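So the chains spell out like this:
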Amino acid sequence: MKKLFIVGFMALLSASAWAAEAIDATSSNAGLVGPNVATSFSWSHTVCSGCTDPVLAIQVAYVAATNVTDYGNWISSVTFNGTAAKLVQIDRDHGGSEMYVAQYLLTNPSSGTHSITVNLNVAPNTGYIGGSAVSVTGVNETYPIRLPFTYHSGSTNGATITASCSDAVSGDYLVGLAQGHQATITQNGSQTAIFTSNGFGSGNSTSWGSAYIAAATRNSLIWTQTSQVWSAGCVALQPDTATI
């Protein structure tokens, strides 16, 4: 009986050591607009020191340059403090405008203030690219994303853009982004904006926004816009207590 009590107590102690997910910090860079000779752009992000199980989620929105032959591979890498983040999601709109949203993830990023760098295979002669990021603590380092993660695209004028993570559960944080062509994009009031850029790109013809929300509030991210085409993506970050 005493042995069982000790085992049970240790299990309880281990469980109590898990920290609930919490937002650490956000950052952004409006990015590059062609023509531009640069093949990369960077911005600073600070990850807390000594925090439990941090994850860095990076969002990138772009309309591919006309001098790019493989639009889906325009980005060669995304790094934080020199460590490559993993591409976990990419989608393009259905309207043929080569408008992409992508998300990258880095588990256990370096603490302190370091550069997020988006490296390009080709410098843009047209088009644009911008980025944002959010660090979240208390995330499962082995299985950080609740599967399946989802992406959405459409071509409905004046649409409400909904990026739904239908499998998200209470305790998760949802992170995502959306962009619309020739649009002003508006963040839903229930979510927290990471970054919003209206009238961006060549001719001020594109807008995009990134955001996060606790799954306990809603299992989707929502934006409204007035454009004809759009793309959006969402991932749910699992807490330490999740096993798969």
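Our subject is the structure that appears above.
We now turn to the structure provided with this report. (Residues numbered from 1 in each chain as written. Predicted model: local features only at pLDDT ≥ 70, side-chain atom pairs only at ≥ 80, totals over all residues. Heavy atoms only, no water.)

### Things to note about the sheet that holds strand E11 (residues 160-164)
Link 1 in the chain: An order of E11-E16-E13 is seen for the 3 strands of this open sheet, with the pairing classed as antiparallel. Each edge of the open sheet carries a strand with a single partner, namely E11 and strand E13 (186-187).
Link 2 in the chain: In this structure, E11 lies alongside strand E16 (residues 220-224), joined through 5 bridges in antiparallel fashion. The residue of E16 that forms the bridge with Thr-162 is Ile-222. (Pairing = 2+ DSSP bridges. Helix = DSSP H or I, 4+ residues; strand = E, 2+ residues; numbered from the N terminus.)

### Brief notes about the sheet that holds strand E3 (residues 55-63)
Link 1 in the chain: Spatially, E1-E9-E3-E7-E6 is the arrangement adopted by the 5 strands of the open sheet, whose pairing is antiparallel. Each having just a single partner strand, strand E1 (22-33) and strand E6 (86-92) make up the two edges of the open sheet. When strand polarity is set aside, the average angle formed by the axes of neighbouring strands in this sheet is 15°.
Link 2 in the chain: Both E6 and strand E7 (residues 99-107) contribute to a ladder of 6 bridges, which runs antiparallel. By the bridge assignment for E7, Asp-91 is matched with Val-101. (Axes fitted to C-alpha atoms, helices over the stretch in contact; angles between N-to-C directions.)

### Focus: the pattern of salt bridges
Link 1 in the chain: A complete count under the given rule lists 1 salt bridge for this structure.
Link 2 in the chain: Between Arg-146 and Asp-172 there is a salt bridge; the shortest N-O distance is 2.5 Å. Within this pair, whereas Arg-146 is found in the loop between strand E9 (128-137) and strand E10 (150-154), its partner Asp-172 is found in the loop between E11 and strand E12 (173-181), the two being separated by 26 residues in sequence. Grouping residues by exposure puts Arg-146 and Asp-172 together as buried. (Salt bridge = Lys/Arg side-chain N within 4 Å of Asp/Glu carboxyl O. Buried < 20%, exposed > 50% of the residue type's maximum accessible area, 1.4 Å probe, protein only.)

### Here's the deal with the packing of aromatic side chains
Link 1 in the chain: For the structure shown, the criterion picks out 5 aromatic pairs.
Link 2 in the chain: Both rings, one in Tyr-62 and one in Trp-74, keep their centres 5.5 Å apart while their planes meet at 70°; by these two values the pair is edge-to-face. One end of the pair, Tyr-62, is in strand E3; the other, Trp-74, is in the loop between E3 and strand E4 (75-80), with 12 residues separating them in the sequence.
Link 3 in the chain: What makes Tyr-62 buried here is its relative accessible area of 0%.
Link 4 in the chain: Centroid distance Phe-195 to Trp-208: 5.2 Å. Interplanar angle 55°. Geometry classified as tilted. You can see Phe-195 sitting in strand E14 (residues 192-200) and its partner Trp-208 sitting in strand E15 (residues 206-214), a full 13 residues away along the chain.
Link 5 in the chain: Site record: aromatic cluster; members linked through ring pairs are Tyr-62, Trp-74 and Tyr-100. (Phe/Tyr/Trp six-rings, centres within 6.5 Å; stacked < 30°, edge-to-face > 60°.)

### Concerning the nonpolar core
Link 1 in the chain: Grouped together as the largest cluster of nonpolar side chains are 25 residues, with contacts concentrated most on Ile-58, Ile-75, Val-118 and Ile-129.
Link 2 in the chain: Taken together, the elements giving at least two residues each to this core come down to strand E2 (40-47), E3, E4, E7, strand E8 (112-120) and E9.
Link 3 in the chain: Within the second largest apolar cluster, 17 residues are counted, among which are Ile-161, Ala-215, Trp-223 and Cys-234. (Core = buried A, V, L, I, M, F, W, Y, C linked by side-chain atoms within 4.5 Å.)

Worth remembering: the numbers are spatial, not functional.
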